[in-house]
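Notes for the structure review
The chain contents come next:
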Amino acid sequence: MVKIFLLAALLIGAALPPQVSTGEVSEAVKFIRQRRYDEAFNRLEQALEARPGDPEAQTFLAVAHMYTDLDFLAAQRRFEAAFSAGGGASFYVNHSHESLSEEDFTDYCRGWIHLRKGGLEFAPDDSEHGFQMRYADVIEFKQNRRKKLFHIKKGDKNQNFRPRSSDERETLLILVLYKKFARS
């Protein structure tokens, strides 16, 4: 009976999306938020030396490279490799709390959009506007008329976002990876 319980616990745990690792990866995430990319690279390299193939370290290494280089094609390859290893893609974004009538958000929070196997998550830095969705529950995930912005629709509610770089290419990368990961 104990063996069945342990096997079930392992199977349930394996089905959940990976969380941000502790230690070096968590520190690296803080450094990325603060735009301290060299320190983030150091922590992520330490994490990968200690745990080669760590999917979250690979994910955030791709994030750090993307925001340092703004090379979105290379970022796509890195995120796809991280996804294949069990991680995914993460983007630092502004999440609007208002209807979009202006180019700039006036009421918003910052946080991470995580695209992982099985679904996506918005994890805000310091608000209660976070959410998780299975890909099957997403009605629409597309670029807004203001090309730098995108939205996610579940039911009749739109969630509007602006990526950190405010570069349309980052928005397009998010859309491409969403489509690819949602099909996997």
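Parameters and conventions
Residues numbered from 1 in each chain as written. Predicted model: local features only at pLDDT ≥ 70, side-chain atom pairs only at ≥ 80, totals over all residues. Heavy atoms only, no water. Helix = DSSP H or I, 4+ residues; strand = E, 2+ residues; numbered from the N terminus. Buried < 20%, exposed > 50% of the residue type's maximum accessible area, 1.4 Å probe, protein only. Contact = heavy atoms within 4.5 Å. Areas by Shrake-Rupley, 256 points an atom, 1.4 Å probe, with all protein chains shown as cover. Pairing = 2+ DSSP bridges. Core = buried A, V, L, I, M, F, W, Y, C linked by side-chain atoms within 4.5 Å. Expected span 1.5 Å × (residues − 1). Polar contact = N/O pair within 3.5 Å; in protein donor to acceptor, adjacent residues only side chain to side chain. Axes fitted to C-alpha atoms, helices over the stretch in contact; angles between N-to-C directions. pLDDT = per-residue confidence, 0-100. Parallel < 35°, antiparallel > 145°, perpendicular 65-115°, else oblique.

1. Topic: the overall build of the protein
When its secondary structure is counted, the protein shows 6 helices and 7 strands. Of the regular secondary structure in the protein, the N- to C-terminal order runs α-α-α-α-α-β-β-β-β-β-β-β-α. For the protein, with 184 residues in total, the buried portion stands at 42%. Residue pairs at least 24 apart in sequence account for 50% of intrachain contacts in the protein once pairs closer than 6 positions are excluded. For the protein, the computed accessible surface area is about 10200 Å², with 51% contributed by carbon and sulfur atoms.

2. Examining the pairing of strand β6 (residues 150-154)
As paired strands, strand β5 (residues 140-143) and β6 are joined by 4 bridges and run antiparallel to one another. Opposite Lys142, over in β6, you have His151 as the bridge partner. The loop that links β5 with its antiparallel partner β6 comprises 6 residues. Relative to strand β7 (residues 157-163), β6 runs antiparallel, the two being bridged by 5 bridges. Within β7, the position partnered with Lys153 by the bridge is Asn158. Turn length for the β6-β7 hairpin, with the two strands adjacent in sequence and antiparallel, is 2 residues, and the turn residue Gly155 shows positive phi of about 65°.

3. Points about the nonpolar core
Ranked by internal contacts, the top residues of the largest apolar core, which has 46 residues, are Ile32, Phe79, Phe91, Leu115, Leu120, Phe141 and Ile152. Leaving out residues up to four positions away in the same chain, Phe141 has contacts with Leu120, Phe150, His151, Ile152, Ile174, Leu175 and Tyr178.

4. A closer look at helix α5 (residues 72-84)
End to end, α5 covers 18 Å across 13 residues, agreeing with the expected 18 Å (1.5 Å per residue, within 8%). Within the span of α5, buried status applies to Phe72, Ala74, Ala75, Phe79, Glu80, Ala82 and Phe83. Where α5 is buried, its residues meet α4 (55-69), β1 (88-96), β2 (108-116) and α6 (168-183). Residue Asp71 occupies the N-cap position of α5, its side-chain oxygen lying 3.3 Å from the main-chain nitrogen of Leu73. Positive phi shows up at Gly86, right after α5, with a value of about 110°.

5. Details of the sheet that holds strand β3 (residues 119-124)
Across the sheet, which stays open at both edges, the 7 strands sit in the order β4-β3-β2-β1-β7-β6-β5 with antiparallel pairing between neighbours. Each of the sheet's edge strands pairs with one partner strand only, and the pair in question is β4 (131-134) and β5. For this sheet, the mean inter-axis angle between neighbouring strands, taken without regard to orientation, is 30°. Each of β1 and β2 touches α4; the most contacted strand, β1, lies at about 60° to it.

6. Notes on the environment of Val29
Relative to the assigned elements, Val29 resides in helix α2 (residues 24-33). The exposure class assigned to Val29 is buried, which follows from its relative accessible area of 7%. Counting along the chain gives 11 residues from Val29 to Ala40, while the straight-line C-alpha distance between them is 7.0 Å.

7. Brief notes about the confidence of the model for the protein
On average, residues of the protein carry a pLDDT of 87, and 85% of them reach 70 or more. For residues 1-20, every residue scores under 50 in pLDDT, and the model assigns this stretch 11 contacts once sequence neighbours within four places are set aside.

8. With respect to the packing of α4 against α5
Their axes nearest at 9 Å, the elements α4 and α5 cross at an angle of 175°. Here α4 is positioned roughly antiparallel relative to α5, judged by the angle of their axes. Where α4 approaches α5, its residues Pro55, Gln58, Thr59, Ala62, Val63, His65, Met66 and Asp69 are matched on the opposing element by Phe72, Ala75, Arg78, Phe79, Ala81 and Ala82.

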